[in-house]
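Survey of secondary and tertiary structure
Chain residues, written in single-letter form:
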Amino acid sequence: MDATNTVQYRKAKPWQLYLFSIHDLLLICFLMVMNFITYLGAGYYGLLATTVAMIATASRIFDAITDPIIAFIVERTDGKFGRYRPTMILGWIISAIALLCMYFFCLGANVVTFILIYAVYVIGYSFMMTSQGGARVAFTNEPIQRNRLGLFMGILTSLFGVSFTFYNTNYLVPKHGGIIDLGTMQELCLTMLVVSFVILVLTVISIWDRDVPENYRSLSKEKVSPSDMFKVMKSNRNFQMILVACASDRIAMNIAQNTSVIMAVWGIIAGNYEFYGRLGLIVFIPNILVSIFGNQIAIKMGKRTALRSFSIGSVIAGCLMVALFVLGDPTQIGRALPMTAVFLLVHCAFQACMTVTNGLRMPMLADVADYEMSRNGGKQIAGVISAAYSLVDKTIVAFATTIVGFAYAGIGYVTSLPQMGDPVTDSLVTVSMVLWMGLPIVGYILSIIAMKFYTLDNATMEEVQAKLSAMKAETE
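Residues numbered from 1 in each chain as written. Predicted model: local features only at pLDDT ≥ 70, side-chain atom pairs only at ≥ 80, totals over all residues. Heavy atoms only, no water.

1. Here's the deal with the overall build of the protein
This is how the line gets drawn: Secondary structure follows DSSP: runs of H or I at least 4 residues long count as helices, runs of E at least 2 residues long count as strands, and numbering of each begins at the N terminus. Computation of the radius of gyration draws on C-alpha atoms, with the globule rule given as 2.2 Å multiplied by the number of residues to the power 0.38. Relative accessibility under 20% of the residue-type maximum defines a buried residue, over 50% an exposed one, and the middle range a partly exposed one, all with a 1.4 Å probe and only protein chains included. Any two residues whose heavy atoms approach within 4.5 Å are treated as being in contact. Calculation of accessible area relied on Shrake-Rupley with a 1.4 Å probe; when residues are assessed, cover is drawn exclusively from the protein chains displayed. Asp and Glu are treated as the negative residues and Lys and Arg as the positive ones, with His and the ends of the chain left uncounted. By convention, the point assigned to a charge is CZ for Arg, NZ for Lys, CD for Glu and CG for Asp.
Scanning the protein from N- to C-terminus turns up 19 helices and two strands. For the protein, whose C-alpha radius of gyration is 22 Å, the value lies close to the compact-globule estimate of 23 Å for 476 residues. With the C-alpha coordinates aligned to their principal axes, the bounding extent of the protein is approximately 70 × 50 × 40 Å. Buried residues in the protein amount to 59% of all 476 residues. A separation threshold of at least 6 residues defines the contact pool for the protein, and within that pool the share at least 24 residues apart is 86%. For the protein, the accessible area works out to roughly 18600 Å², and carbon and sulfur atoms hold 68% of it. Averaging the coordinates of the 33 positive side-chain charges in the protein and doing the same for the 28 negative ones gives two points 4 Å apart.

Given below as structure tokens:
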């Protein structure tokens, strides 16, 4: 360990830091597949779009409820292969089997079977997510490495999103003839399972010597109990503020990136879905440059300042984007230079700010876990904090699919969802703009407010780590 003043930090090797940065993509692979669940349920299980939306919402709430239970299972796992590696692998196996059943083996089954498979998938996903939350805290407690980890995660997430969009719009859809074709969804499912397996293997390798008792066991002899979760939720103000900032952004962005919303904005209003597929590639480099700049702010001024500053940038860029689509001619984006140039400028600013704020979320949650450990007598409850965050976050985000489904049902999309070729109406434009940019703007405003009450700046975190180092020295 390196020592700085009275603080002892556990640093990961550079190659481990780079490799572990991909771990969040494991969950994203599964989310990419589940983004098509409404189309799968409505088209191949005979369910109404609103019914699938409500099932998706119920599954998210079920997910939130199971997270605390799974968190206590994870926190009590302590074998020769560590704590987080075995539970992460178990989660992948469960979720992978559920997806294969949903998209292949049980296709066309009744609604009860559909719900049961969905529930199994949720349990596996919870194991992966809770294990990753704990692993991030055990991996490193060095401030710069945590910031770097957030930066690399943000960059890789952007790159993955760009690659997925290009793969989907320029390969899958043309190959199978449509986004809602069964062949499109099945090939996507298999591709994401293969990619997620590779990510799982690399993640396990990166934390092999990090997932050890001295990095995750408590400094206190007191065992973790269910009441610990509710104590954190009730009395840890910094946790509450992270929850407000992140959950508000997450539900808004889940809605904005919903397949139906993207189809309405780009396939109908702009009428250029193929341009959307190339968009990520066009703005990728500017996004990376701004992300690096944002990470430097986080290192020098603290994550709190960076999150607040880039949330303000997101609000400004979001308002400009709405004005561009409402006052301008969106059908000229990707076809006429002036409109395309203005759009790209605004889009780059919005996406870059979003990349920075997304990259800060998990490192800040790791800081909160260390802060809680320093104030509760040395009890390590990183997994429980991750589950507590997930409990509220998923309950809120659960309504994303339902909000989209009912928003479009309110303008006539009851038995189907927006598809290319549908007419552009005032109601479609209004609803789509609110879902695509309006709600994210509200989410970022809430983040700005929350950061006024968040106290874990650089100086405070150095005090926290010094206190933990002293507590650890006393137990040795």
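From this point, the narrative continues.
2. Some points on the nonpolar core
Counted only if it meets this: To qualify as a nonpolar core, a set must consist of buried Ala, Val, Leu, Ile, Met, Phe, Trp, Tyr and Cys residues joined through side-chain atoms within 4.5 Å.
Membership of the largest hydrophobic core comes to 155 residues, with the highest contact counts inside it found for M102, Y118, W266, F325, F343 and W436. Broken down by element, the residue count for this core peaks at 17 residues, all from helix α15 (residues 337–375). Once you skip the residues sitting within four places of it in the chain, M102 turns out to touch M34, I37, L40, Y45, L107, F114, I117 and Y118.

3. Remarks on the packing of helix α12 (residues 259–269) against helix α13 (residues 273–301)
Put simply, the test is: As a rule, the C-alpha atoms of each element are fitted with a line to give its axis, helices using only the stretch in contact, and angles between N-to-C directions run from 0 to 180 degrees. Here the word oblique covers every angle except those under 35 degrees (roughly parallel), over 145 (roughly antiparallel) and from 65 to 115 (roughly perpendicular). Any residue that is not Ala, Val, Leu, Ile, Met, Phe, Trp, Tyr, Cys, Pro, Asp, Glu, Lys or Arg is counted as polar, Gly included; the first ten are nonpolar and the last four charged.
Contact pair α12 / α13: the axes reach a minimum separation of 7 Å and the direction vectors enclose 110°. For the element pair α12 / α13, the angle class is roughly perpendicular. In this structure, α12 contributes I262, M263, W266 and G267 to the contact, and α13 contributes Y273, F275, Y276 and L279. Residue composition of the contact of α12 with α13, by class: seven nonpolar, one polar and no charged.

4. Considerations on helix α2 (residues 24–34)
With ten of eleven residues buried, α2 is to be regarded as a mostly interior element. For α2, every residue scored as buried is listed here: D24, L25, L26, L27, I28, C29, F30, M32, V33 and M34. Buried residues along α2 sit against α3 (37–44), α5 (84–105), α6 (111–139), α7 (143–176) and α8 (182–206).

5. A look at the packing of helix α14 (residues 303–327) against α15
Geometry of a packed helix pair, given as the angle between the helix axes and the separation of the axes. Quick note on the threshold: Helix crossings are classified by the rotation of the near helix relative to the far one: an anticlockwise turn of less than a right angle makes the crossing left-handed, while a clockwise turn makes it right-handed.
Two elements in contact, α14 and α15, have axes separated by 8 Å at closest approach and are oriented at 150°. Looking at the two axes, α14 sits roughly antiparallel to α15. In this structure, α14 meets α15 at a crossing whose hand is left-handed. Of the residues belonging to the contact of α14 with α15, the class tally is 20 nonpolar, six polar and three charged.

6. What about the environment of A138?
Structurally, the position occupied by A138 is in helix α6. The buried category is assigned to A138, whose relative accessible area is 3%. C-alpha of A138 to C-alpha of S235: the two residues are 97 residues apart in sequence and 24 Å apart in space.

7. Here we look at the side chain of E187
Along the chain, E187 turns up in helix α8. With residues up to four places along the chain from it excluded, the contact list for E187 reads Y167, Y171, L172, K175 and H176.

8. Some thoughts on the environment of F152
Position of F152 relative to the elements: it lies in helix α7. A sequence separation of 134 residues divides F152 from P286, and the C-alpha atoms of the two residues are 15 Å apart. Residues within four places of F152 in sequence aside, it is in contact with L17, Y18 and S21.

9. Notes on the packing of aromatic side chains
Condition: By convention, a stacked pair of Phe, Tyr or Trp rings (six-membered ring in the case of Trp) has centres within 6.5 Å and planes under 30 degrees apart, an edge-to-face pair has planes over 60 apart, and any other such pair is tilted. For a Lys NZ or an Arg CZ to count as sitting over a ring, it must be within 6 Å of the ring centre and within 35 degrees of the ring normal.
Under the defined criterion, the tally for this structure stands at 18 aromatic pairs. Look at F114 and Y118: their rings are 6.1 Å apart centre to centre, the planes differ by 85°, and that puts the pair in the edge-to-face class. One end of the pair, F114, and the other, Y118, are both in helix α6, four residues apart, so they sit about a helical turn from each other. Summarising the burial analysis for this pair, F114 and Y118 share the class buried. Above the ring of W208, the side-chain terminus of R85 is found at 4.3 Å from the ring centroid.

10. So, the state of the cysteines
Defined as follows: Criterion for a disulfide: a pair of cysteine sulfur atoms within 2.5 Å.
Under the counting rule described, the total for this entry stands at zero disulfides. C106 provides the cysteine sulfur closest to C101, a residue in no disulfide bond, and the two sulfurs are 4.5 Å apart. C353 supplies the cysteine sulfur nearest to C246, a cysteine that is in no disulfide, at a spacing of 16 Å.

11. Things to note about a nonpolar patch on the surface
Rules: Residues form patches when they are more than 30% accessible in relative terms and have no salt bridge. Like charges link within 9 Å. Nonpolar side chains (Val, Leu, Ile, Met, Phe, Trp, Tyr) link within 5 Å. We count a salt bridge whenever a side-chain nitrogen from Lys or Arg sits within 4 Å of a carboxyl oxygen from Asp or Glu.
On the surface, W15, V194, F197, V198, V201, L202 and I205 cluster together into a nonpolar patch covering about 600 Å² of accessible area. In terms of residues, the nonpolar patch owes the most to one element, α8, which gives six residues.

12. A closer look at the side chain of S131
Position of S131 among the secondary structure elements: in helix α6. Ignoring sequence-local partners within four residues, the contact set of S131 consists of V74, Y84, T87 and M88.

13. Here we look at the environment of D367
If you trace the backbone, D367 turns up in helix α15. Along the sequence, D367 and Y39 sit 328 residues apart, while their C-alpha atoms lie 39 Å from each other. Setting aside its immediate chain neighbours within four residues, D367 contacts R146, K303, Y454, L456 and M461.

14. Quick notes on the confidence of the model for the protein
Here is the rule: Scored from 0 to 100, pLDDT records how confident the predictor is in each individual residue.
Residues at a pLDDT of 70 or more form 93% of the protein, whose mean pLDDT is 82. The element-level mean pLDDT for the protein is lowest in strand β1 (residues 2–4), coming to 43, with helix α18 (residues 426–450) highest at 93.

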